[in-house]
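# Examining the three-dimensional arrangement
Take a look at the letters that make up each chain.
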Amino acid sequence: MTPHLPDFIHKIELPIPFPLKATNVFFIDRPPRTLVDTGIKTDLSFQLLEKGLEDRGFRLESVERIVLTHGHIDHYGLAKRIASLSGAPIYIHPVEYGRIRSILHALGFLKTILLRNGIPEVMVKEAISYIESAQRMGDPLEEAFFLNDGDPIPFQSMTWRAVHCPGHSPGLLCFYWPEEKILFSGDHLLKEVTPNPILNVSGTTLPYSYPSLRQYLASLEKVEGMDISLLLPGHGEEVRDVKGLIQGLYAHHQERMERIITILAGGDKTAFDIAMELFSGLPPFDVFLGVSEVLGHLEILKDKGRIRVKENEERDCYSLSAEETTVAMARNGMNCH
Ligand SMILES: [Zn+2]
Ligand SMILES: [Zn+2]
C-alpha cells in the first residue's frame, strides 16, 4: 500500500508488455466509487484488476464511474469492458476520445509524416504495424462523457478538478484534489522516466507543425504553479518533490536542445538522423518515439530562430540558422542523407 495515502484510495498495478512494465490504476472507495484509468485489455490484466479489487473487499461491479487520464491503451484499454459489466459511465477529454476512435484511420497520414522525417520505409512499416497491433489491447470507446480543463469531478464528500495538460498526449487530463493537494498525473509526470511528447501533427497541410513538446513544457509550468504535496502517476512510484521533478525535466529538455544544436553543427540532418545520433540502436517503435522527441525540440528551436528547415526530395532537412552557424565550433559535411 502506498504510504500516507488516504485509506480509501487503492492503488492496483496491472502488467503491460512495454518497458514500463505496469500501469497504476486507482480505485477510490467514496461514492460514486471511481476508477482512475483501467490498464490494457488482456485477460491477465482483467483478472488481476478483478483480484486486486476482491483482495480489498470490492468487485468490478462496485465501480460507479471511470475517469481516464488519456487515450493510450495502457490507460483506457479495459474501460469499455468494465463499463459494460458495472454500468459505470466513462469520462475522458474530448480530444482523446476522438483520437481513440480515429487512430487506425490516421495511420496513413502518420506514415507520410515519418517518411518525410527521414525514417527508412522498412522501419516506418514496422512502427505502423506495431501501433496497429497494439490497438488490440484497447477497446474503442463508445458512449463517454467529456471532461474539459477545470471541470469538477464531484464525489459526495469531495470535489476533484480536471486539469488539461497537453503534451504527452493532446487531451491528457490530470485530476486534482485540492483539499489533500493530491494530483493524479497519468503520464504527464512520472518518477523515473521522462514522459515522451508523442508526435502530434497540427494541421494536414505543409508546413507541418509538431507542437507536442511546446505544449508539454507549458503544461509543466501549469502544474509547477499548483500546490501539490503528493503526485500519483500512471506508472511507477508516487512523487512528493514535484517542483524538483519538474526542474529536472526542464533541465533535461534544455540539455537535449543544446545537443541537437551541436549535432546540427556537423551538417544538415533530418529528424531521423538526429534521433540516430542521440539514441542509437533503437527498435522501430522506439525510433518513432525518438523522432517524436526530436521533432518537439526542433519545433522549439525553429520558433527561437536557432535553426531552419528546408525540403529536400520530400524530406524535411534541418540546419543551423546563420547566427547559430557563426557560433558553432566545428562543421563537417552539409549534405542531407
Ligand atoms: Zn501515455
Ligand atoms: Zn502510460
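Going by the structure above, here's the rest.
Computed from a prediction, not measured in an experiment: that's the story for all the values here.

### So, the sheet that holds strand S11 (residues 230–233)
Sheet architecture is open: five strands sit in the order S7-S8-S9-S10-S11, paired in mixed fashion. If you trace the sheet from one side to the other, it starts and ends with strand S7 (152–154) and S11, each paired once. Averaged over all neighbouring strand pairs, the angle between strand axes comes to 25°, with direction disregarded. When S7 meets strand S8 (residues 159–164), the two strands line up antiparallel, connected through three bridges. Bridge pairing in S8 links Pro 152 to Arg 161.

### Quick look at the coordination of the zinc ion (ligand 1)
Angles between donor atoms at a metal ideally measure 109.5 degrees for a four-coordinate tetrahedral arrangement and either 90 or 180 degrees for a six-coordinate octahedral one. Of the protein atoms, only His 70 (NE2), His 72 (ND1), His 168 (NE2) and Asp 187 (OD) coordinate the zinc ion (ligand 1), at distances of 2.1 to 2.3 Å. In this structure, the zinc ion (ligand 1) is surrounded by four donor atoms whose angles at the metal cover 92 to 172°, and the resulting shape is irregular. Each donor residue of the zinc ion (ligand 1) lies on one chain, and together they are spaced H-x1-H-x95-H-x18-D. A gap of 3.5 Å separates the zinc ion (ligand 1) and the zinc ion (ligand 2), which Asp 187 links by coordinating each metal. Summarising the burial analysis for this pair, His 70 and His 72 share the class buried.

### Side note on the pattern of salt bridges
Counted under the stated rule, the structure contains 18 salt bridges. Asp 55 is the salt-bridge partner of Lys 51, the closest N and O atoms lying 2.9 Å from each other. A residue pair is termed a helical-turn pair when its members lie 3 or 4 positions apart in one helix, as Lys 51 and Asp 55 do in helix H1 (residues 43–55) at four residues. Note on Lys 51: relative accessible area 46%, which makes it partly exposed. Salt-bridge contacts for Glu 299 lead to Lys 302; the nearest nitrogen and oxygen are separated by 3.8 Å. Taken together, the residues span about one helical turn, with Glu 299 and Lys 302 both in helix H9 (residues 284–303) at a distance of three residues. Where salt bridges share partners, they join Arg 214, Glu 299, Lys 302 and Asp 303 into one cluster.

### Description of the coordination of the zinc ion (ligand 2)
In this structure, Asp 74 (OD), His 75 (NE2), Asp 187 (OD) and His 235 (NE2) serve as the protein donors to the zinc ion (ligand 2), at separations of 2.1 to 2.2 Å. Taken together, the four donor atoms surrounding the zinc ion (ligand 2) define angles of 89 to 153° at the centre, an arrangement classified as irregular. Donor residues for the zinc ion (ligand 2) sit on one chain with the sequence pattern D-H-x111-D-x47-H.

### Thoughts on the packing of aromatic side chains
If you walk through the whole model with that rule in mind, you get 10 aromatic pairs. Ring geometry for Tyr 97 versus Phe 146: centroids 5.3 Å apart, planes at 65°, classification edge-to-face. Taken together, the residues span a long stretch of sequence, with Tyr 97 in helix H4 (residues 94–116) and Phe 146 in strand S6 (residues 145–146) at a distance of 49 residues. For Phe 146, a relative accessible area of 41% translates into the label partly exposed. Site record: aromatic cluster; members linked through ring pairs are Phe 26, Phe 155, Trp 160 and Phe 184. Here the guanidinium or amino end of Arg 81 rests over the ring plane of Phe 46, the centre of that ring lying 3.6 Å away.

### Focus: helix H3 (residues 79–86)
For H3, the complete set of buried residues consists of Ala 79, Ile 82, Ala 83 and Ser 86. In a view along the axis of H3, the buried residues occupy a sector of 100°, so they form one face of it. In the core, the buried residues of H3 are packed alongside strand S3 (34–36), H1, strand S4 (65–67), helix H2 (73–76) and strand S5 (90–92). Following H3 by one or two positions, Gly 87 has its phi on the positive side, about 75°.

### Digging into the layout of surface pockets
Estimates place the volume of the largest pocket at around 1500 Å³. Lining the largest pocket we find 49 residues, and of these His 72, Ile 198, Phe 285, Phe 288 and Leu 289 sit closest to its centre. For the lining of the largest pocket, the secondary-structure elements that each account for two or more residues are H2, H4, helix H5 (121–134), helix H7 (242–264) and H9. Per-element accounting of the lining of the largest pocket gives the leading share, 10 residues, to H4.

### Topic: the nonpolar core
Of all hydrophobic cores here, the largest spans 59 residues; its most connected members are Leu 189, Leu 199, Val 223, Phe 288, Val 294 and Leu 298. Sequence-distant contacts of Val 294, defined by excluding residues within four places in its chain, comprise Ile 260, Ala 271, Ile 274, Ala 275, Leu 278 and Phe 279.

### As for the sheet that holds S5
Taking strand neighbours across the sheet as the criterion, the six strands line up as S1-S2-S3-S4-S5-S6 in an open arrangement whose pairing is mixed. Single-partner strands in this sheet number two, and they are strand S1 (9–15) and S6. One ladder, built from seven bridges, connects S1 with strand S2 (residues 22–28); its direction is antiparallel. Across the sheet, the residue bridging to Lys 11 is Phe 26, located in S2. Packing of H1 onto the sheet brings it into contact with S1, S2 and S3, and relative to S1 it is tilted by some 155°. Here H4 sits on the sheet and contacts S5 and S6; the angle it forms with S5, its principal contact strand, is near 105°.

Each value, and the rule that gives it
- Residues numbered from 1 in each chain as written.
- Chains lettered and ligands numbered in written order.
- Predicted model: local features only at pLDDT ≥ 70, side-chain atom pairs only at ≥ 80, totals over all residues.
- Heavy atoms only, no water.
- Pairing = 2+ DSSP bridges.
- Helix = DSSP H or I, 4+ residues; strand = E, 2+ residues; numbered from the N terminus.
- Axes fitted to C-alpha atoms, helices over the stretch in contact; angles between N-to-C directions.
- Donors = N, O, S within 2.8 Å, 3.2 Å for Na, K, Ca; no water.
- Tetrahedral: all angles 85-135°; square planar, octahedral: opposite > 155°, others 65-115°.
- Buried < 20%, exposed > 50% of the residue type's maximum accessible area, 1.4 Å probe, protein only.
- Salt bridge = Lys/Arg side-chain N within 4 Å of Asp/Glu carboxyl O.
- Phe/Tyr/Trp six-rings, centres within 6.5 Å; stacked < 30°, edge-to-face > 60°.
- Lys NZ or Arg CZ within 6 Å of the ring centre and 35° of its normal.
- Arc of directions from axis to C-beta.
- Contact = heavy atoms within 4.5 Å.
- 1 Å grid on protein atoms, 1.4 Å probe; cavity = no way out; pocket = protein on both sides within 12 Å on 5 of 7 lines; lining within 4 Å.
- Points joined across faces, edges and corners; volume = space filled by probe spheres on them.
- Core = buried A, V, L, I, M, F, W, Y, C linked by side-chain atoms within 4.5 Å.

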